[in-house]
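Structural overview for review
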Protein chains: 2
Amino acid sequence: MPQRKRYLFVCVNRRPDGVPKGSCAQRGAEGIHVQLKAALAERGLAKVEARACSASCLDVCWAGPVIAVEPDGYFYGRVTPADVPEIVDALASGRRVERLVLPPEDFTEATAAPPLPAPPRGAPPQA
Amino acid sequence: MPQRKRYLFVCVNRRPDGVPKGSCAQRGAEGIHVQLKAALAERGLAKVEARACSASCLDVCWAGPVIAVEPDGYFYGRVTPADVPEIVDALASGRRVERLVLPPEDFTEATAAPPLPAPPRGAPPQA
């Protein structure tokens, strides 16, 4: 298969419970990666348009789950499972989901908007 | 810290021994990620210029270890530990290491150049 037009790197880093900034995995990133990969395949986008990969820490833990969209060079943040269809729709039509794109101030914890709450321990995965 | 100018995604996917196309981890990618991360920090490049992340399969297993350099949108392939200083030097001066950049034919196994040999099982990590 050719080099894909885009690669979406979903941070799936997990920090121990209790670390104040939290982590993407703690807020459901692993499920989002699986869901995104399946959605791209279902839409016939996986072979040419975009590949969903998991990645180690992207250093914006407080804004997680985050997805680096490359080579466009922007990050989606505070992504929930409910956002995945809209992300894939936008990708298919060459757009981006503006409400999820992290502004520069979100890359620094001190100036970032509030994080998503972490799901309670033992909660079932979000679908 | 700000969004870095570049993110280097080192595939660290591992396939079972005996799979013909091999995998990046089988050819030493995990060590290359660690080495790259340390080299960027030592050169003072980690906070602004570039972040080294690990990633799941980038679907060019036969050309591994591979590194996606984003947002530039090119892939390094058949990377060895000996290549890391040159990769970091190039990054520091806004260049790329042309001999390692994968051409389009390397993205398809049938047309790719030969893979690196996998190190023998039980071999010490390359340094």
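Everything numeric here is computed off the predicted structure, so don't read it as measured data.

For chain A, the count of helices and strands is 2 helices and 4 strands. Moving toward the C terminus, one meets the helices and strands of chain A in the order β-α-β-β-β-α. Its C-alpha radius of gyration of 14 Å places chain A within 12% of the 14 Å reference for a compact globule of 127 residues. Based on the C-alpha atoms only, the size of chain A along its principal axes is roughly 40 × 30 × 20 Å. Here chain A, with 127 residues, has 48% of them falling under the buried criterion. Of the contacts made within chain A by residues no fewer than 6 positions apart, 65% connect residues no fewer than 24 positions apart. On chain A, roughly 5900 Å² of surface is accessible, and the fraction owed to carbon and sulfur atoms is 57%.

This part takes up the relation of the copies chain B and chain A. For the pair of chain copies, the relating operation is a rotation around an axis with a shift along it. Mapping chain B onto chain A is achieved by rotating through 180 degrees and translating by 0.0 Å along the same axis, at an RMSD of 0.0 Å. Look at the turn and shift together and you get a two-fold axis relating the two. Interface residue correspondence from chain B to chain A reaches 100%, placing this contact among same-surface, isologous pairings.

Attention now goes to the packing of helix α1 (residues 29-42) of chain A against helix α2 (residues 84-92) of chain A. Residue and element names in this part refer to chain A. Orientation of α1 relative to α2, taken along the N-to-C sense of each, is 40 degrees, at an axis distance of 10 Å. Taken together, the axes of α1 and α2 lie oblique to each other. Both α1 and α2 take part in a crossing whose hand is right-handed. Here Ile32, Gln35, Leu36, Ala39 and Leu40 of α1 come into contact with α2, specifically with Val84, Pro85, Ile87, Val88 and Leu91.

Before going further, it helps to spend a moment on the packing of aromatic side chains. Residues and elements named next belong to chain A. Per the stated rule, a full pass over the model turns up 9 aromatic pairs over all chains. An angle of 20 degrees between the planes, with centres 6.4 Å apart, marks the rings of tyrosine 7 and phenylalanine 9 as stacked. Like tyrosine 7, the residue phenylalanine 9 is buried in the burial classification. When the centroid spacing of 5.1 Å and the interplanar angle of 70 degrees are considered together, the rings of phenylalanine 75 and phenylalanine 107 count as edge-to-face. One end of the pair, phenylalanine 75, is in strand β4 (residues 74-76); the other, phenylalanine 107, is in the segment after α2, and 32 residues separate them in sequence.

Moving on, we come to the pattern of salt bridges. All names here are of chain A. Enumeration according to the criterion identifies 20 salt bridges over all chains in this entry. For the salt bridge of glutamate 86 with arginine 99, the shortest nitrogen-to-oxygen distance reads 2.7 Å. One end of the pair, glutamate 86, is in helix α2; the other, arginine 99, is in the segment after α2, and 13 residues separate them in sequence. When its relative accessible area of 36% is taken as the criterion, glutamate 86 is described as partly exposed. Judged by relative accessible area, arginine 99 falls into the exposed class, the value being 53%.

Contacts between chain B and chain A engage 22 residues on the former and 22 residues on the latter. Together chain B and chain A conceal approximately 1900 Å² of surface at their shared face, both sides included; 50% is due to carbon and sulfur atoms. One can count 4 salt bridges joining chain B with chain A. Across the pair Arg4(A) and Asp59(B) runs a salt bridge whose closest N-O atoms are separated by 2.7 Å. Our count for the chain B to chain A interface comes out at 8 residue pairs in polar contact (both at pLDDT 80 or more). Mapped onto the side of chain B that touches chain A, the elements with two or more residues apiece are β1 (6-11), β2 (50-55) and β3 (67-70) of chain B. In terms of residue count, the dominant contributor to the side of chain B that touches chain A is β2(B) (4 residues).

This next bit is on the pairing of strand β2 (residues 50-55) of chain A. Strand residues, when the strand is regular, have side chains that alternate between the two faces of the sheet. Residue and element names in this part refer to chain A. Counting buried positions along β2 gives 6 out of 6 residues, so the element sits mostly inside the fold. On β2, burial covers both faces: Ala50, Ala52 and Ser54 on one face and Arg51, Cys53 and Ala55 on the other are all buried. Here strand β1 (residues 6-11) runs beside β2; their pairing, made up of 6 bridges, is parallel. Among the inter-strand pairings, cysteine 11 is bridged to a residue of β2, identified as alanine 55.

Parameters and conventions
Residues numbered from 1 in each chain as written. Chains lettered and ligands numbered in written order. Predicted model: local features only at pLDDT ≥ 70, side-chain atom pairs only at ≥ 80, totals over all residues. Heavy atoms only, no water. Helix = DSSP H or I, 4+ residues; strand = E, 2+ residues; numbered from the N terminus. Rg over C-alpha atoms; globule rule 2.2 N^0.38 Å. Buried < 20%, exposed > 50% of the residue type's maximum accessible area, 1.4 Å probe, protein only. Contact = heavy atoms within 4.5 Å. Areas by Shrake-Rupley, 256 points an atom, 1.4 Å probe, with all protein chains shown as cover. Least-squares fit on C-alpha atoms with pLDDT ≥ 70 in both. Axes fitted to C-alpha atoms, helices over the stretch in contact; angles between N-to-C directions. Parallel < 35°, antiparallel > 145°, perpendicular 65-115°, else oblique. Left-handed = near helix turned anticlockwise from the far one by under 90°. Phe/Tyr/Trp six-rings, centres within 6.5 Å; stacked < 30°, edge-to-face > 60°. Salt bridge = Lys/Arg side-chain N within 4 Å of Asp/Glu carboxyl O. Buried area = accessible area lost by both parts, 1.4 Å probe. Polar contact = N/O pair within 3.5 Å; in protein donor to acceptor, adjacent residues only side chain to side chain. Pairing = 2+ DSSP bridges.

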